[in-house]
Amino acid sequence: PCLVFTGSKACLVIAATFTLAHWTKPRWAILAAIPLLAAAAFYSPHTALHRLDIWSWTLSNLTLLGHGLASYPVVFGAEHAHNDALEVAYEAGTIGLALLLFGFAALPRHGVEYVALLSLALVSLVSFPLHNPATAFLAAFLAGRCVAVGAGICGHHIAGRVGLCPGAHGTR
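Residues numbered from 1 in each chain as written. Predicted model: local features only at pLDDT ≥ 70, side-chain atom pairs only at ≥ 80, totals over all residues. Heavy atoms only, no water.

Asker: What am I meant to see in helix α6 (residues 84–105) here?
Answerer: Given 3.6 residues per helical turn, the α-helix brings residues three or four places apart onto the same face. Between its first and last C-alpha, α6 extends only 16 Å over 22 residues, short of the 32 Å set by a 1.5 Å rise per residue. Where α6 bends most, at A92, the angle is about 125 degrees. Regarding α6, the residues found buried are D84, L86, E87, A89, Y90, E91, G93, G96 and L97. The N-cap of α6, judged by a side-chain oxygen 3.0 Å from the amide nitrogen of A85 a few residues on, is N83. (Helix = DSSP H or I, 4+ residues; strand = E, 2+ residues; numbered from the N terminus. Expected span 1.5 Å × (residues − 1). Bend = angle between axes of the 7 residues up to and from the residue. Buried < 20%, exposed > 50% of the residue type's maximum accessible area, 1.4 Å probe, protein only. Polar contact = N/O pair within 3.5 Å; in protein donor to acceptor, adjacent residues only side chain to side chain.)

Asker: How should a nonpolar patch on the surface be read in this particular structure?
Answerer: Together, L64, L65, I95 and L99 make up a nonpolar patch on the protein surface, roughly 440 Å² of accessible area in all. Positionally, L65 belongs in the loop between α4 (45–60) and α5 (72–76). Note on L65: relative accessible area 65%, which makes it exposed. (Patch = residues over 30% accessible without salt bridge, like charges linked within 9 Å, V, L, I, M, F, W, Y side chains within 5 Å. Areas by Shrake-Rupley, 256 points an atom, 1.4 Å probe, with all protein chains shown as cover. Salt bridge = Lys/Arg side-chain N within 4 Å of Asp/Glu carboxyl O.)

Asker: Got a minute to help me understand the pattern of salt bridges in this structure?
Answerer: For side chains of opposite charge, pairing can occur when their charged atoms come near one another. In this structure the tally under the stated criterion is 1 salt bridge. When the shortest N-O distance is used, the salt bridge between R145 and E113 registers 3.2 Å. Residue R145 is located in helix α8 (residues 133–151), and its partner E113 is located in helix α7 (residues 111–123); the two are separated by 32 residues in the primary sequence. When its relative accessible area of 26% is taken as the criterion, R145 is described as partly exposed.

Asker: What is the right way to read the side chain of H80 from this model?
Answerer: Structurally, H80 can be placed in the loop between α5 and α6. A distance of 3.0 Å separates polar atoms of two side chains, one belonging to H80 and the other to E87. Sequence-distant contacts of H80, defined by excluding residues within four places in its chain, comprise I54, Y72, P73, E87, F128 and H131. (Contact = heavy atoms within 4.5 Å.)

This is how it looks when you write it as structure tokens:
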């Protein structure tokens, strides 16, 4: 209840992500997370109807190659799509969205970095956090950490070389 009363949609999405990441039975985790995601997307009736209108308009105007980067706020006014994936699909086309989704799917799926990046990706389905430079930097940093941890590369240096994480890929 305290998550709902704060009015923070991002908090609800992060709670849903935590539920999905730490529940032992995936089917029940998904069922538990759906109400949190729905509450985040449709916190108030006005917000719900407004977002559905925006998403409907955006979906009806998608093209294969898009309308150009940063064109959404110009065409739609000062508004964003309240869904970064839809806005990418509008601006970069369905090909651009496919490339973005492929890049995300190619990331190693383990570690706290991936859960944090997944939380940010879920928040971006009901908001537009990647249009804030600090949040976009955080997403890029987390994606880089996912790749580094997946490859067993840590940030410490040994004799001028980047060392492997203890226990990663054959190290002890």
